[in-house]
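Results of the structural survey
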Amino acid sequence: MSQSPPKYTTAAAVARGFDPDEKPERWHAGKPLGSIDLRPGRVVLFGAPPGVGKTSLALQLVAGTLANHPNLRALIGNVEMSAASLVERMLARLATVPLDAIQNRELDLAQRARIEAATFEQTAMLDRIAFLDAPFNLAHLAGAMVGFNARLAVVDYAQRFATGEGEDRAKLDRLMSGVRALANAGACVLLISSVARQKSANGSSTYSGLSLAAFRGSSELEFGCDSAYILHNTKEGIGALECVKHRFGQTVDIPLRFDGSLQTFSAGDPLDLFDAAPAKGGKRP
């Protein structure tokens, strides 16, 4: 049986093709999330304990990026929430109307007017966001991205997209291979992951001191992503997006404040990082 000849590329060939004037394509989500490196070819991983706002963070990232890049389209695959529920969260932020009032349809005249105005003003952006219907797997996501002409994708969340035969680690390995193929084809993938409780010094389970190892299926996810963040948030809304990996540069943490009523992340005080997230290595400063 004949074998195809081995393929390789020399460093000289790559160097000869280097163009110092060709700017790489990069997408900006705007404040306070503008330092997150979003561009074609990247896989960005986010993890957080339940209920701290990781889905809302992904929605804000998508909306902010599309607002700044009018030719970009996004596809969101959320396993746990309907399209209507996701849009309600978006409207809470865009219209500054409490989410509870939207969900319960307990809106006064001013709130109704703000929702109507926000929907009208943001129509161009909202038209460029689509939500994946079941089945939630990578093949369906890829097909929908082609059909919708989307280059930005959200997988929310990784462990539920990892279907098929085999052990969980094998499923996640296949998922990350597929996600990397999407990135190599010119997409940017935002990958949401669950995290596991850690053992405290006294042996109890806790979400404090989360690190890269806290991602469920950490070795597969760590190997497959370009950047990884852990979202920390307190009951008072003081939070931090802790960068635990960045393949192409320094890790930069982002101090945040989260308004759960309006599903909105805003810039926090750098000093908040000392309260909301542990220092690198899992120990508080």
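Just so we're clear, the structure is a prediction, and the values are computed from it rather than from any experiment.

1. A few points about empty space enclosed by the protein
Inspection of every chain in the model, using the stated rule, returns one cavity of 30 Å³ or more. Put simply, the largest cavity is a space of about 30 Å³. Around the largest cavity, the lining residues are Ser56, Leu59, Gln60, Arg89, Met90, Arg93 and Gln263. Secondary-structure elements contributing two or more residues to the lining of the largest cavity are helix H2 (54-68) and helix H3 (83-95).

2. Notes on the sheet that holds strand E2 (residues 74-78)
What the nine strands build is an open sheet, ordered E3-E2-E4-E5-E1-E8-E9-E10-E11; its pairing is mixed. In this open sheet, the two edge strands, each paired with only one partner strand, are strand E3 (129-131) and strand E11 (264-267). With direction set aside, neighbouring strand axes in the sheet form an average angle of 25°. Summarising the sheet, strand E4 (residues 152-156) and strand E5 (residues 188-193) pair through five bridges and their orientation is parallel. Paired with Val155 across the two strands is Leu191, which belongs to E5. Packed onto the sheet, helix H7 (residues 138-148) meets E2, E3 and E4 and runs at close to 155° relative to E2. Contacts between helix H9 (residues 168-184) and the sheet are confined to strand E1 (43-47) and E5, with E1 contributing the most and set at about 135° to the helix.

3. Section: H9
Every α-helix winds through 3.6 residues per turn, so residues three or four apart in the chain are directed the same way. Its 17 residues place the ends of H9 24 Å apart at the C-alpha level, agreeing with the 24 Å of an ideal helix rising 1.5 Å per residue. Within H9, the full set of buried residues consists of Lys171, Leu172, Leu175, Met176, Val179, Leu182 and Ala183. Each buried residue of H9 sits inside an arc of 130° when the element is viewed along its axis, so together they form one side. In the core, the buried residues of H9 are packed alongside E1, H7, helix H8 (158-161), E5 and helix H10 (218-224). At the exit of H9 stands Gly186, carrying a positive phi of roughly 110°.

4. Considering the layout of surface pockets
The computed volume of the largest pocket comes to approximately 300 Å³. If you go around the largest pocket, you meet 17 residues; those closest to its centre are Pro50, Gly51, Lys54, Thr55 and Glu80. Looking at the lining of the largest pocket, its residues break down into eight nonpolar, five polar and four charged.

5. Considering the pattern of salt bridges
Taken as a whole and judged by the stated rule, the model has seven salt bridges. The shortest N-O distance in the salt bridge between Arg39 and Asp37 comes to 2.8 Å. For the pair formed by Arg39 and Asp37, the shared burial category is buried. The closest approach of N and O atoms between Asp226 and Arg247, which form a salt bridge, is 2.8 Å. One end of the pair, Asp226, is in the loop between H10 and strand E8 (227-233); the other, Arg247, is in the loop between strand E9 (238-246) and strand E10 (254-259), with 21 residues separating them in the sequence. On the basis of relative accessibility, which here comes to 2%, the residue Asp226 falls in the buried class. For Arg247, a relative accessible area of 39% corresponds to the partly exposed category. Each of Arg26, Asp37, Arg39 and Arg42 takes part in one network of salt bridges that share partners.

Scoring rules and cut-offs
- Residues numbered from 1 in each chain as written.
- Predicted model: local features only at pLDDT ≥ 70, side-chain atom pairs only at ≥ 80, totals over all residues.
- Heavy atoms only, no water.
- 1 Å grid on protein atoms, 1.4 Å probe; cavity = no way out; pocket = protein on both sides within 12 Å on 5 of 7 lines; lining within 4 Å.
- Points joined across faces, edges and corners; volume = space filled by probe spheres on them.
- Helix = DSSP H or I, 4+ residues; strand = E, 2+ residues; numbered from the N terminus.
- Pairing = 2+ DSSP bridges.
- Axes fitted to C-alpha atoms, helices over the stretch in contact; angles between N-to-C directions.
- Contact = heavy atoms within 4.5 Å.
- Expected span 1.5 Å × (residues − 1).
- Buried < 20%, exposed > 50% of the residue type's maximum accessible area, 1.4 Å probe, protein only.
- Arc of directions from axis to C-beta.
- Nonpolar A, V, L, I, M, F, W, Y, C, P; charged D, E, K, R; others polar.
- Salt bridge = Lys/Arg side-chain N within 4 Å of Asp/Glu carboxyl O.

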